[in-house]
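Each chain, letter by letter, is given below.
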Amino acid sequence: MEFRILGPLEVRDASGVVPIPGRHHPKLLAMLLLDADHVVPLYRLVEALWDQDPPVTARRQAQNAMATLRRLLPGRIESVGEGYRLTLATDRLDASVFTTHVRAARRFTAAGRHAEAHERLSAALDLWRGPALAGMSGRLPESAAERWNEERLVAQEARMAAELAMGQPGRVVGEARRLLEAHPYRQGLAVMSMRALHQSGRTEEALAVYRGVRRRFAADLGIEPGRPLRDLHREILRQGPEPARPPVPVTAAPTVPIPAQLPQGGGFTGRADELAALDVSSADGTGPVVISGPGGVGKSALAVEWASRHLDRFPDGQLFVDLRGYDEAEPLTAQDALDRFLRALGHPPDAIPTDVQEAAALFRSRVSERRMLVLLDNAASVDQVRPLLPGGRGCRVLVTSRDRLAGLVALDDARAVSVPVMETRDSVDMLRRVVGDERVAAEPAAAARLAELCGHLPLALRIAAANLAGNRHRRLGDLVAELENSDRLAVLAIEGDLRAAVRANLDLSHRALTPDARDLFCRLGIVPGEDFSHPLVVAVSGRSEPEAGPLVARLLSGHLLEEYRPGRYRMHDLVRLYAADRADRELPPDRRAAVVDAVIDWHHERAYDPGAAEAHNMLRAAETLGDHPRLWRLVFAMRQVLNEGRSLARVRKATENGLANAERAGDRVGVFRMTSQLANVMRKEGDLESALRWGSRAVLLSRGIGPREEAAAKGNLGVYLSGAGRAAEAEKLLTEAVDLAAATGNVRSQLIFVNTLLQVCTMVGAFDKAYAYLADADAADLAEGGHFQARLRIYRGTLLTAQFRTDEALEVLAEAHAMAKAAGDGYLQGWCLAMQAESHRRAGRLDVARRLYREELRSGRSAERTTVEFESLCDLAEVEAAMGDYEQAAALMSEAAVSGPAPSESGRAQWDLIRAMIHNGHSRHRPALESATSALRRYRAMPWLIRQADALRVLAEAHDGLGDHEAAVRCRAEAEALETTPREPD
C-alpha cells in the first residue's frame, strides 16, 4: 500500500485509490502518517480534529473514528497506551521516500558529486503532486503541511544550486524566477536568480532582480535585504557583465590541505527543533552560535550533526577543538587552541606568535577570505572563546558549553540555542538504535519507563542502552527495577570509563561553582517538590535576596537549575538526585534541618494564598516529611488544594499523618487544625456523616484556643450541616461563626461563611435577611485584595439569579469574573462561569448556558478540581436535557457517576431531577415520576424553594405522560406559587 501526503492525502493499493471517507478519518490518518511508526497521543489527535475547542465527548468521538479507520486499513494501526501508531512496515510513504532522496543528495553534494545530487533531488521533487496535505484544514495539519512545503522549497533551492555547480545556469533562470514570484521575501531564491542570470551573461537582469527585491523589502518590511544578497550584488557590480559560460569556481585552488577536523558522528536521534533553530541562527549574521545545555544532553553531537549536514556550505574546511572546559584535565588555553588551528591551516609551527592577541590576529587573517566552519566544543568561559572567533564573513562558529556564555551574546553578536532533554519518542528511539527494535518492541512500557528514569538525558540513555546491549539476556524491565530500587546514579555508569558515568559528568559542573553557589545547590537538593519559586529559594538559602540572586544566576548559567517559567525553577531529575547526594555528604545535620524548617514555615505563611502553583510541591513535601513533628503546619497550607477537591487521597493521608504527629507532640493547635481539616476532607469525599462527626469534635477542641479557631470550627460545621440539608441547624451555627469572625476582624472567614449563610437564606426565600448579611460583609475591611471583592460580587449575583433578576446578576458576575481573572484565581473564575451559566439558564438562554457550563467543566478538569467535576457535569446534563438532547445528557450523567459520589444532599436531589428529565424525554413516564418525586422530597427537606419548583414542573410532565392531567395542573400551580417571591431592593 502507498500513502501520499505530498499533495492531497491519498491512499493507493494494487487496485487503485483507497477511499478514506468521513469528516474526521482523513485528518486522523494524516496525523498518524506525519508521525509514522511512532505513537501519536490521543490528546494530540483530539487537538487536530477540534483545535482548541473540543466538545466534552471529544475523546470518545476520536476513538470511535479511529476504530473505523483501523477497519479501513486492517493490520496497520495499533492502539498503544493512550495513543495510536501507524506502522509502515512494507508500505510506502512518499514523504519518507522524499527524505531519503534529499539526505542522499546532501551526501553527494558534500563530496562534490553534483550530478548525482541533482538526480536524487529531481527524484525527490517528482514525488510532489501539489502543496502538502492540500485541502486539509486545522491548526496542526496546516502547521505540518507548512513544514513539508518548506522542505520542498529547500530541495528546490538545492537542485538549483547543483545545476549552477554543474555549469547549467540556464536551467535555473526560469524556476528561480517562478519561485521568487511565489515567495517574494525568500532571499535565497533571489540569490539563485541573480547568480543564474549573471552566469548566463544577463547581468543587467540580475541587478534588476536585486533592485526589485530591495524596493519590495523597503516598502513592505521597512528593512534592507540581508548580507548574503547585498554581498552578491556588490560582487556582480565589481565583476561587471559576464559572458555566458560555465562559472569559474568561487574558491581558488588551495595551496594547503583543506582541514576536515569534525569528529565522527553517527547514531544521531531526533532534535528536529534544535537543528531547525541552528538553521535559523546560522542563516544570517556573522556572530557565533552558542549551543548550551546541561552536561550529557548531547550538545556536541548536535553541533557535529548540523555541521555534517551542511558541509557544502564550507568548502574551505572545518576546524574543531575540545576546549576541555568541563573535564578532568586542565582546560585548553586560547593560545593552545590557536596553535592547533594555525598549524592545520598550514602556518609554520615555529612562526606562530606566542602572544595570544597576535596569534588571534594571525588566525583571523588566515581565514578572512575562507568559507569555513569552526567548532569550539566544551567551552568554559567567554575569555576562552573570544580569541578564537574569526573575522571573515564566510566563517561560521559553533560553540558548545554547559554555561550560557551570555557575554558572547551581549558583545559578540552571538545567537543562543538551548538544548533541553529529549522528548519521550526520541528517547525511546535512541534506546532502539542501541538495544535493537525487537527488544524495545517486546517491552514498550519498560522502554518508556527506562527513558523516564534516565531523565531523557542522552548520556544516561546511552549508558543504560550500552549496559543492556552488553547482555542480550537481560530484560529492559530488569534494568528499570534496578534503577527504581537502588542508587540510580551508581547504576547509570559503565565500569572503567569515567566519561561514561552520570555522577562523574555532574561532578564537572559542580566543580565549576563557587563555594556559596555549591551551598545553595546542596540546600535545593533537600527541598522536596517538583520545582521552586524564587521566594522559596531565597528562604531556604539562608541569605537575603541581594545575596541569593547572584547564586541563583550562577546555577542557571551552569544549567544546574532551569527557569522554566518566570520566577519558577526546577532541576533535572538526575541533577536533583545528585544535589541530594551532595547535601547528605556536605551539609551538617543542623543545616539540613534548618532547610526543612524553612520549607515548612514558608508554605505555612502562605496558607491562605489561593494560587495552585505550589500544590504538587506541598503534597510531595508532606509525603517526604511524613514523620516531622511540625508536619501539620505544612498540611494546613493545603487548604486551597482541598477546597478545590484536588488530590483528595493524598491530602487525606497527609492530614492523618499531621494529626498523629501533632497528638504525639502534644500540639493543641495542630490537633485542632488537623481535626478540622480531616472533617473537610470527608465532606469532599461525600461522607457527610463522618464530616459532621469530625466537625463536631473540632468545635469542642476549638474552645479554649481562641475565638478565631472557634469561628472556623463552627462555620465549617455549619457548611457540613447545610450540605446535609439541615438548614435550620446550619443557619444557627453559621450566624455564630460570622459574628465571631466579624468581632475578631477575620474578614476571610466572615466572607466564606456568609456565602453558605446566603445559600441557606436563598433556599428558603429569605432574601431580605440574605441582603442584610451581604451588607455586613460588604462593610468589612477588604484590604486583602481582589479575591474577596470577587467573592462579594458572586454572592450578590447568586442572590439576583435566585430572584430571576438575571440581567443585573450577569452584570455583577462579569465584574466578579474580571476581578478573579486579574487575581489569577482559577477557582473563583470557574465559580463565576457556573453562576453566569445558571443566570442564562434561568433567563431561558439555554445555548449560552451550555457553552458556559462546558467552559467551566474544561477549566475544572485542567486544574484537577475533581469534586467540582460532579456538579459541573450535572449542571451541563440538566441543560442538555432541557434542550432535548437526552442522549448527551445521559452520557454526561455516566461521566458524573464515574467522577465520584454526589458531594451533598442537593447533588443527590439534582441527580434524581435529571434522571426524571431524561426518562420523560424517552417517554418513560413511570420511572420519571419516581425520580421526580424523589428529587422533590429531597428539595422539600432542605428546604429549597426554587428547586422544588423545578422538580414540580418535571413531575407535572410525568403526570401528563401517564394521563393524570389534574395532578399535572396541581404541580404546575404549586411551582408557579413557589417562584412568586418578593423582589427586595439591593
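Bear in mind that the values here come from a model prediction, so they are computed numbers and not experimental data.

How each quantity is defined
Residues numbered from 1 in each chain as written. Predicted model: local features only at pLDDT ≥ 70, side-chain atom pairs only at ≥ 80, totals over all residues. Heavy atoms only, no water. Helix = DSSP H or I, 4+ residues; strand = E, 2+ residues; numbered from the N terminus. Buried < 20%, exposed > 50% of the residue type's maximum accessible area, 1.4 Å probe, protein only. Contact = heavy atoms within 4.5 Å. Areas by Shrake-Rupley, 256 points an atom, 1.4 Å probe, with all protein chains shown as cover. Lys, Arg positive; Asp, Glu negative; His and termini not counted. Charge placed at Lys NZ, Arg CZ, Asp CG, Glu CD. Patch = residues over 30% accessible without salt bridge, like charges linked within 9 Å, V, L, I, M, F, W, Y side chains within 5 Å. Salt bridge = Lys/Arg side-chain N within 4 Å of Asp/Glu carboxyl O. Axes fitted to C-alpha atoms, helices over the stretch in contact; angles between N-to-C directions. Parallel < 35°, antiparallel > 145°, perpendicular 65-115°, else oblique. Left-handed = near helix turned anticlockwise from the far one by under 90°. Nonpolar A, V, L, I, M, F, W, Y, C, P; charged D, E, K, R; others polar. Pairing = 2+ DSSP bridges. Domains from an automatic or database assignment. UniProt positions renumbered as here; feature names shortened; annotations may be inferred. Expected span 1.5 Å × (residues − 1). Polar contact = N/O pair within 3.5 Å; in protein donor to acceptor, adjacent residues only side chain to side chain. Core = buried A, V, L, I, M, F, W, Y, C linked by side-chain atoms within 4.5 Å.

1. Some details on the overall build of the protein chain
Point 1. If you tally the helices and strands in the protein chain, you get 48 helices and 17 strands.
Point 2. A principal-axis box enclosing the C-alpha atoms of the protein chain has dimensions of 105 × 75 × 65 Å.
Point 3. Put simply, the protein chain has 986 residues, and 52% of those count as buried.
Point 4. The contacts of the protein chain with a sequence gap of at least 6 include a subset with a gap of at least 24, amounting to 67%.
Point 5. When the accessible surface of the protein chain is totalled, it reaches about 43200 Å², and 50% of it is carbon and sulfur.
Point 6. If you average the places of the 128 positive and of the 135 negative side-chain charges in the protein chain, the two averages end up 2 Å apart.

2. Let's talk about a nonpolar patch on the surface
Point 1. A surface patch of nonpolar side chains, about 280 Å² in accessible area, is lined by Tyr185, Leu221 and Ile223.
Point 2. Its location among the elements puts leucine 221 in helix H9 (residues 203-221).
Point 3. Note on leucine 221: relative accessible area 45%, which makes it partly exposed.

3. Some points on the packing of H9 against helix H10 (residues 227-239)
Point 1. Packing of H9 against H10 brings their axes to within 11 Å, and their N-to-C directions diverge by 150 degrees. By the criterion of interaxial angle, the relationship of H9 to H10 is roughly antiparallel. With respect to the hand of their crossing, H9 and H10 are arranged in left-handed fashion. Contact residues: Thr203, Ala206, Leu207, Tyr210 and Val213 in H9; Leu229, Arg230, His233, Ile236 and Leu237 in H10.
Point 2. Per-class residue counts for the contact of H9 with H10 are seven nonpolar, two polar and one charged.

4. Quick word on the sheet that holds strand S17 (residues 568-570)
Point 1. The strand order S15-S17-S16 describes an open sheet built from three strands, whose pairing is antiparallel. What marks the edges here is a single partner per strand, and that holds for strand S15 (532-533) and strand S16 (562-565).
Point 2. As paired strands, S16 and S17 are joined by three bridges and run antiparallel to one another. For glutamate 563, the partnering residue across the bridge sits in S17 and is tyrosine 569.

5. Structural notes on the domain arrangement of the protein chain
Point 1. One can read the domain layout of the protein chain as domain 1 (2-154), domain 2 (167-239), domain 3 (272-348 + 373-418), domain 4 (424-502), domain 5 (513-588) and domain 6 (801-980).
Point 2. Each of domain 2 and domain 5 was reduced to a C-alpha centroid, and the two centroids are 53 Å apart.

6. Remarks on the UniProt feature "domain: Bacterial transcriptional activator" (unreviewed entry) in the protein chain
Point 1. According to UniProt, the positions carrying the feature "domain: Bacterial transcriptional activator" (unreviewed entry) are residues 93-237.
Point 2. Structurally, residues 93-237 comprises 77% helix and 1% strand, and the distance from its first C-alpha atom to its last is 47 Å.

7. A look at the environment of alanine 834
Point 1. Note on placement: alanine 834 falls in helix H41 (residues 826-842).
Point 2. C-alpha separation for the pair alanine 834 and glycine 394, spaced 440 residues apart in sequence, amounts to 62 Å.
Point 3. Setting aside residues up to four positions removed in sequence, alanine 834 forms contacts with Tyr853 and Glu856.

8. Details of helix H8 (residues 187-199)
Point 1. Taking 1.5 Å per residue, 13 residues should reach 18 Å; H8 reaches 18 Å between its end C-alpha atoms and fits that length.
Point 2. Counting buried positions along H8 yields ten of 13 residues, so the element is predominantly enclosed.
Point 3. Turning to H8, its buried residues are Leu189, Ala190, Val191, Met192, Ser193, Met194, Ala196, Leu197, His198 and Gln199.
Point 4. On its buried side, H8 packs onto helix H6 (139-165), helix H7 (170-182), H9 and H10.

9. Remarks on the side chain of glutamine 335
Point 1. When you line up the elements, glutamine 335 lands in helix H13 (residues 334-344).
Point 2. At 3.1 Å, the side chain of glutamine 335 and the backbone oxygen of proline 353 are in polar contact.
Point 3. At a separation of 3.2 Å, a polar atom in the side chain of glutamine 335 contacts the main-chain amide nitrogen of valine 356.
Point 4. Excluding residues that lie within four positions of it along the chain, glutamine 335 makes contacts with Ile352, Pro353, Thr354, Asp355, Val356 and Ala359.

10. Overview of the sheet that holds strand S5 (residues 77-80)
The strands making up a sheet associate through backbone hydrogen bonding, with each pair oriented either parallel or antiparallel.
Point 1. Taking strand neighbours across the sheet as the criterion, the three strands line up as S4-S6-S5 in an open arrangement whose pairing is antiparallel. Only two strands of the sheet have a single neighbouring strand rather than two, namely strand S4 (39-41) and S5. Pairs of neighbouring strands in the sheet enclose a mean axial angle of 30 degrees, with direction left out of account.
Point 2. Lying over the sheet, helix H2 (residues 42-50) contacts S4 and strand S6 (83-86), oriented at roughly 65 degrees with respect to S4.
Point 3. Contacts between helix H3 (residues 58-72) and the sheet are confined to S5 and S6, with S5 contributing the most and set at about 145 degrees to the helix.

11. Observations regarding the packing of H8 against H9
Point 1. Where H8 contacts H9, the axes come no closer than 7 Å and their chain directions differ by 160 degrees. By the criterion of interaxial angle, the relationship of H8 to H9 is roughly antiparallel. For the crossing formed where H8 meets H9, the hand is left-handed. Of the residues in H9, those in contact with Gln187, Ala190, Ser193, Met194, Leu197 and His198 of H8 are Thr203, Glu205, Ala206, Val209, Tyr210, Val213 and Phe217.
Point 2. Per-class residue counts for the contact of H8 with H9 are eight nonpolar, four polar and one charged.

12. Considering the nonpolar core
Point 1. Leu634, Met638, Leu758 and Tyr795 are the most contacted members of the largest nonpolar core, which totals 78 residues.
Point 2. Other than its neighbours up to four places away in sequence, tyrosine 795 contacts Leu751, Ile752, Val754, Asn755, Leu758, Leu774 and Trp831.
Point 3. Counting 74 residues, the second largest nonpolar core, distinct from the first, contains Val289, Val297, Leu461 and Leu468.

13. A short note on the side chain of serine 292
Point 1. If you trace the backbone, serine 292 turns up in strand S8 (residues 289-292).
Point 2. Not counting residues up to four positions away in its chain, the partners in contact with serine 292 are Lys299, Ser401, Asp403, Arg404, Val417, Ser418, Val419 and His559.

14. As for the pairing of strand S11 (residues 396-401)
Point 1. The buried fraction of S11 is high, at six of six residues.
Point 2. Covered by surrounding structure in S11 are Arg396, Leu398 and Thr400 together with Val397, Val399 and Ser401, the residues of both alternating faces.
Point 3. Inspection of the sheet shows S8 paired to S11 by four bridges, in the parallel sense. What sits directly across from isoleucine 291, in S11, is threonine 400.
Point 4. Two strands pair when backbone bridges link them, and strand S10 (residues 373-379) and S11 are joined in this way by five bridges, in the parallel orientation. Residue pairing for S11: alanine 379 is matched across the bridge by serine 401.

15. Remarks on the UniProt feature "domain: OmpR/PhoB-type" (unreviewed entry) in the protein chain
Point 1. Under the feature "domain: OmpR/PhoB-type" (unreviewed entry), the UniProt entry names residues 17-86.
Point 2. Its end C-alpha atoms 19 Å apart, residues 17-86 is made of 49% helix and 17% strand.

16. Notes on the pattern of salt bridges
Point 1. In this structure the tally under the stated criterion is 73 salt bridges.
Point 2. Residue glutamate 452 is joined to arginine 449 by a salt bridge in which the shortest nitrogen-to-oxygen separation is 3.3 Å. Here arginine 449 and glutamate 452 lie together in helix H19 (residues 444-453), a separation of three residues that amounts to about one turn.
Point 3. Looking at glutamate 452, the relative accessible area reads 42%, which means it is partly exposed.
Point 4. The salt bridge partner of glutamate 685 is arginine 652, with a shortest N-O separation of 2.5 Å. Separated by 33 residues along the polypeptide, glutamate 685 in the loop between helix H33 (668-684) and helix H34 (688-702) and arginine 652 in helix H32 (residues 648-665) bring together distant segments of the chain.
Point 5. Through salt bridges with shared partners, a single network forms among Glu838, Arg841, Arg842, Glu878, Arg947 and Asp950.

17. A look at a positive patch on the surface
Point 1. A cluster of basic side chains, namely Arg103, Arg106, Arg107, Arg433 and Arg462, defines a positive patch on the protein surface.
Point 2. The element that contributes the greatest number of residues to the positive patch is helix H4 (residues 94-110), accounting for three residues.

18. Some remarks on unusual backbone geometry
What you tend to see is this: most non-glycine residues have negative phi, and most peptide bonds are trans.
Point 1. Residue proline 943 is reached from methionine 942 by a cis peptide bond, and omega for that bond is -10 degrees.
Point 2. Tracing the backbone shows proline 943 in the loop between helix H46 (925-941) and helix H47 (945-961).
Point 3. The phi dihedral of aspartate 413 is positive, around 60 degrees, even though this residue is not glycine.
Point 4. When you line up the elements, aspartate 413 lands in the loop between helix H16 (406-411) and strand S12 (415-418).
Point 5. With a phi close to 65 degrees, phenylalanine 804 is a non-glycine residue in the positive phi region.
Point 6. Among the secondary structure elements, phenylalanine 804 is positioned in the loop between helix H39 (786-802) and helix H40 (806-822).

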